[in-house]
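Summary of structural features
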Amino acid sequence: MIEALRKKAEELLKNKTVDVVYGYGEGSVPERTRPVFITKPEDVNKLTWNKYCVYNLTTYLKKQEARKLGKPAIVVKGCDAKTITVLIKESQLKREDIYIIGVTCTGIGDPPATKCEACDVNTPLIYDELIGEKIENKEFSFDERYAELDEYEKLSEKEKWEFWQKQFEKCIKCYACSSICPLCFCDRCIVDKNQPQWIDPSAHPRGNLSWNVTRAYHLAGRCINCEECQRVCPADIPLNLLNKKLAKETEKNFKYRSGYNADDELAMATYKEDDSEEIFK
Amino acid sequence: MSKKIGVFVCHCGTNISATVDVEKVAEEAKKNNPGVSYTTTYKYMCSDPGQKLLRDKIKEEGLDGVVVAACSPKMHEHTFRNAAIKTGLNPYHVEISNLREQCSWVHPDKPTGTEKSIDLVRMMTEKTRKDKSLNPIKVPVTKRALVIGGGIAGIQAALDIADGGQEVIMVEREASIGGHMAQLSETFPTLDCSQCIMTPKMVEAAQHENITMHTWSEIESVDGYIGNFDVKIRKKARSVDLDLCTGCSSCWQVCPCKKIKSEFDMGMGNRTAIYIPFPQAIPSKPVIDRENCILFKDARKKNIKPNDSKVCRKCIDACPIAPVKAIDYNQVDEIVEEKVGAIIVATGYKELDDTSLYGEYGGGKYKDVITGLQFERLASASGPTEGAIKRPSDGKEPEIVVFIQCVGSRDPAKGCSYCSKTCCMYTAKHTMLFKHKVHHGHAFVFYIDIRCAGKGYEEFSQRAIEEEGATYLRGRVSRIYKKGEKLVVLGADTLTGSVVEIEADMVVLASAMKAQDDATKIAQAVYIQYDKDKFLSEIHPKLKPVESSSAGIFLAGTCQGPKDIPETVAQAGAAASKVLALLSADELEREPVVAKVDRSPPPVFSTCIGCFYCQKVCPYSAIESEDIKARDGSVIKTVARVNEGLCQGCGLCAATCRSKSVELAGFNDEQIYAEINALEFN
């Protein structure tokens, strides 16, 4: 699989189909990988693929430093590929401006990441070239997809509130969650707006709450649950629990799953007559 | 320098002061608030002396911000802002705190109402501090109007505008103008023949030099904004060249498809496949019904061009026009583009025709149970029986006819909770027409209430009972069933408390007036709102009854709700006068309360990231995309831009924008933030 990946990258760079390949490279220890940006065909041997390739490389599509390297080919797992669908739908990317190298994936991380438990995108839903044997994507029921919320949803409203207050108290406002998020692509985040200052920038409980709630809200109906925010959070806040809950509500109320179908209309920007009104309380 | 703000608290008679301590509100407004330099209360702020007080104090006290704590800004914001203009103060430094609709009317408890009022005034004071001067936006006006619908509402509106000297484009989807009124026999309360009073108007509209008529045409799309609409009209393929055809009737006389149910006759009579809907149709030129014409059926089956089909060419052969025939089987739909400054929607209603709703009345299986409009066609001289009352099943003259009112109307279970307004009167009329034609006949009417409010209306319905001998029974009909040739009507007479059984020859249902099936489609095409019954919504039921929720688009007739002819004509005239007023100016002044997308100096250019969620949520299509370009023409960034002419200032874009890059003038982030903080920290 690694050989096929390197061969494809070499071919793309030699043919000048792309200027750069975003991929995974060996890390300093075997259990780690790091993002690599290959611009020369002779460097393709730096590319690797293993179960430690956790990053969602699509986040680099919004970084000016990476975009400056030219037209990219990008190595994506099924989960990461969903981001690309959203980015295209949200006018951040044109399909023809990117070459997608999809890799089939049976789960990453050690122990395996939560998102891999009910993975229905072992084979990416969009790609230009598929590396690895095509895997028939599994189907899960609504309840199976959101099984990780079972414990959380047993809590009363008051307990949930207390749970999150406790979690957000830990936040140090490092904004790693937003930096890593491929869908947090605004040039100026609401947190950077200071006239007026909607969100208190200091790591004070009040500001922490508004930051974390706003971050989650801004991803409602958009987040594809790559879990990167949760992975990078130095305070171990279970951010994806919030994201996943919003994804569940979005699917329940608007029959919309972010990143799955490029033709679906964005749930949070579309009014339909049969939209559920249960969410208004 | 901080603003000097004046707070004027209105008693609104006792509307506010009965449940809000206005003196305390005024006092509290000043307390701990150095920005508020003047407060007062007044019995009626909107009165002339009230406005004078406002003007005088602005000058005397040197106020540069004003909060009027009174009723909804929808009512008097305009009044107080205009008063401010007279003193030289920019009107957008005047804000309204709504103490009536939001406090006194909803909080019967005085202390709570007062407390909330104090909060609301404080919020508005804080907002006023951040108010900026705004200037009206000027937009040019295209001096033409579009009227959608060619019924009495559309015709009247078009004539009034055309007589006012402005051009009108009229679009009617049927082959002829005339609408429902052309179908009616006589009209209440004067019993004059509907067509006799309708056709002169139709002719006048057709011949008016300022009116361009598109029949057999539908609205494809409407873009643009008040004063500047771009309209695409789909001229459906008529298969007949209107310029060549003389309406000589040769074609429809030879058409072999003679058994097609006539829509104009409500299915009571037949028509041919090439037809004019009724003798007085305008234009008096036929159309080919492509669904039913055997030539078109054959062409569809063989998948060939219609003109290549040889099944039947009788109409084209009969056409005397030479050398080019007026009939063109291969004609295709044509899109006409027009620019207009104002639009009147007059798309009318449809009669409730879902017989399945009324299983107890036979559910459509009894031929002699007909609807009100069908009875109109029976009684009409141009109808299938030439005005003779004959029952549909066997053509016999009915002697006993039962009229049932409120069929659908006032019946939430059947989907129309409203009153259709016209049925009490037309049923009274029907009993008279019946009695005039069948002297020995007898009419029974089942009613819930008799609602005949209108000039001469009550007298008219009394006449039906007292002079024409109709028997009115207060109650509902529970069942109709067939017994030989008769229809047995089982009902209740609630005034005597008895069960009534009538052996009738015919039953007429006063079916509800419903919104057109595609009413929502037209509403969405022109971006106007509709209500739960799919009738188009006026912006204010009392004070703006013909204005729709989109500026420059007006409503006339039954598309807005059930109405009779006089009311429809009056509303059409009102809509026309609004259009004429709009078209009388060369430029329009628009409220500057519009959204704006951030533009910053390089290297940011705009904080907008171009996700275009704002575009997707905008109900008025006011968001466009704009490329910010470098000097060499290369695109640096594609961002959103608001078309000020289209923007209605609803603020959806501002609420949707994640990076807060859209702001609504007059409701900008700083103002909203100040309002929230005023509430939170006190």
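What counts, and at which threshold
Counting restarts for each chain: residues are numbered from 1 in the order of the written sequence. Note on labels: chains are lettered from A, ligands numbered from 1, in written order. Restriction of local features to residues with pLDDT of at least 70 applies here, the model being predicted, together with a cutoff of 80 or more for giving and counting side-chain atom pairs; totals for whole chains, interfaces and linings are based on all residues. Starting at the N terminus, helices and strands are each numbered in turn, a helix being any DSSP run of H or I of at least four residues and a strand any DSSP run of E of at least two. Residue pairs are scored as contacts if the distance between their C-beta atoms, which are placed from the backbone, is within 7 Å. In this treatment the radius of gyration is a C-alpha quantity, and the globule benchmark scales as 2.2 Å times the residue count to the 0.38 power. With C-beta atoms placed from the backbone, a residue counts as buried when 20 or more other C-beta atoms lie within 10 Å of its own, as exposed when 12 or fewer do, and as partly exposed for counts between those limits. Here, a nonpolar core denotes buried Ala, Val, Leu, Ile, Met, Phe, Trp, Tyr and Cys residues that are linked to one another through C-beta atoms within 7 Å. What marks off one domain from the next here is an automatic or database domain assignment. Strand pairing is defined by DSSP finding a minimum of two bridges between the two strands. Lines fitted to the C-alpha atoms define the axes, with helices restricted to the stretch that makes contact. Angles between their N-to-C directions range from 0 to 180 degrees. For this classification, the nonpolar set comprises Ala, Val, Leu, Ile, Met, Phe, Trp, Tyr, Cys and Pro, the charged set comprises Asp, Glu, Lys and Arg, and every other residue, Gly included, is treated as polar. The crossing is said to be left-handed when, going from far helix to near helix, the turn is anticlockwise and less than a right angle, and right-handed when the turn is clockwise.

The secondary structure content of chain B amounts to 18 helices and 34 strands. Projecting the C-alpha coordinates of chain B onto the three principal axes gives extents of approximately 90 × 80 × 40 Å. The contacts of chain B with a sequence gap of at least 6 include a subset with a gap of at least 24, amounting to 69%.

Turning our attention to the overall build of chain A. Of the regular secondary structure elements, chain A holds 10 helices and six strands. At 19 Å, chain A has a C-alpha radius of gyration in line with the 19 Å of a compact globule built from 281 residues. Once the C-alpha set of chain A is aligned to its principal axes, its extents read approximately 55 × 40 × 40 Å. Within chain A, the fraction of its 281 residues that count as buried is 35%. A fraction of 67% describes how many contacts in chain A between residues 6 or more apart in sequence connect residues 24 or more apart.

Moving on, we come to the nonpolar core. Residues and elements named next belong to chain B. In this structure, Ala 157, Ala 158, Ile 344, Val 345 and Val 507 are the most contacted members of the largest nonpolar core, which totals 136 residues. The residues that make up this core include at least three from each of domain 2 (250-318) and domain 3 (350-514). Contacts of Ala 158, omitting those with residues within four sequence positions, involve Val 147, Val 168, Met 170, Ala 205 and Ile 211.

Turning our eyes to something else, we now look at the sheet that holds strand β17 (residues 334-340) of chain B. Residue and element names in this part refer to chain B. Taken in spatial order, the three strands line up as β11-β12-β17 in an open sheet, and their pairing is antiparallel. This sheet does not close on itself; its edge strands, each paired only once, are β11 (217-225) and β17. Taken pair by pair, the neighbouring strands of this sheet meet at an average axis angle of 20 degrees, ignoring direction. Here eight bridges tie β11 to strand β12 (residues 228-235), and the two strands are oriented antiparallel to one another. Looking across to β12, one finds that Val 222 is bridged to Val 231.

Okay, the domain arrangement of chain A next. Residue and element names in this part refer to chain A. You can read the domains of chain A as domain 1 (2-131) and domain 2 (142-266). The centre of domain 1, based on its C-alpha atoms, is set 24 Å off from the matching centre of domain 2. Of the residues lining the interface, 20 residues belong to domain 1; the matching set on domain 2 comes to 21 residues. Partitioning the side of domain 1 that touches domain 2 into residue classes produces eight nonpolar, seven polar and five charged.

As a further point, take the packing of helix α6 (residues 152-163) of chain B against helix α15 (residues 565-583) of chain B. All names here are of chain B. At a closest axis distance of 8 Å, the pairing of α6 and α15 adopts a crossing angle of 35 degrees. Crossing angle aside, the handedness with which α6 passes α15 is right-handed. Two secondary-structure elements touch here, α6 through Ile 152, Ala 153, Gln 156, Ala 157, Asp 160 and Ile 161 and α15 through Ile 565, Thr 568, Val 569, Gln 571, Ala 572, Gly 573, Ala 575, Ala 576, Val 579 and Leu 580. Of the residues assigned to the contact of α6 with α15, the class counts are 11 nonpolar, four polar and one charged.

The interface of chain B with chain A comprises 15 residues on the first partner and 17 residues on the second. Breaking the side of chain B that touches chain A down by element, the ones donating at least two residues are α16 (613-617) and α18 (669-680) of chain B. Residues that form the side of chain B that touches chain A fall into these classes: seven nonpolar, three polar and five charged.

Looking now at the sheet that holds strand β1 (residues 5-10) of chain B. Residue and element names in this part refer to chain B. If you walk across this open sheet you meet the four strands as β2-β1-β3-β4, and the pairing is parallel. If you trace the sheet from one side to the other, it starts and ends with β2 (36-42) and β4 (94-98), each paired once. The average angle at which neighbouring strand axes cross in this sheet is 15 degrees, direction not considered. In this structure, β1 lies alongside β2, joined through six bridges in parallel fashion. When the bridges of β2 are listed, Cys 10 appears paired with Tyr 42. Along the sheet, helix α3 (residues 73-87) contacts β3 (65-70) and β4; its crossing angle with β4, the most-contacted strand, is approximately 150 degrees.

Looking now at the domain arrangement of chain B. According to the domain assignment, chain B contains domain 1 (5-134), domain 2 (250-318), domain 3 (350-514) and domain 4 (595-665). Placing the centre of domain 1 of chain B and that of domain 2 of chain B at their C-alpha centroids yields a distance of 68 Å.

Residues and elements named next belong to chain B. Secondary-structure assignment places Gln 462 in helix α13 (residues 457-466). Overall, Gln 462 belongs to the partly exposed group, with 13 C-beta atoms counted inside 10 Å. Spatially, the C-alpha atom of Gln 462 lies 9.7 Å from that of Cys 452, the residues being 10 residues apart in sequence.

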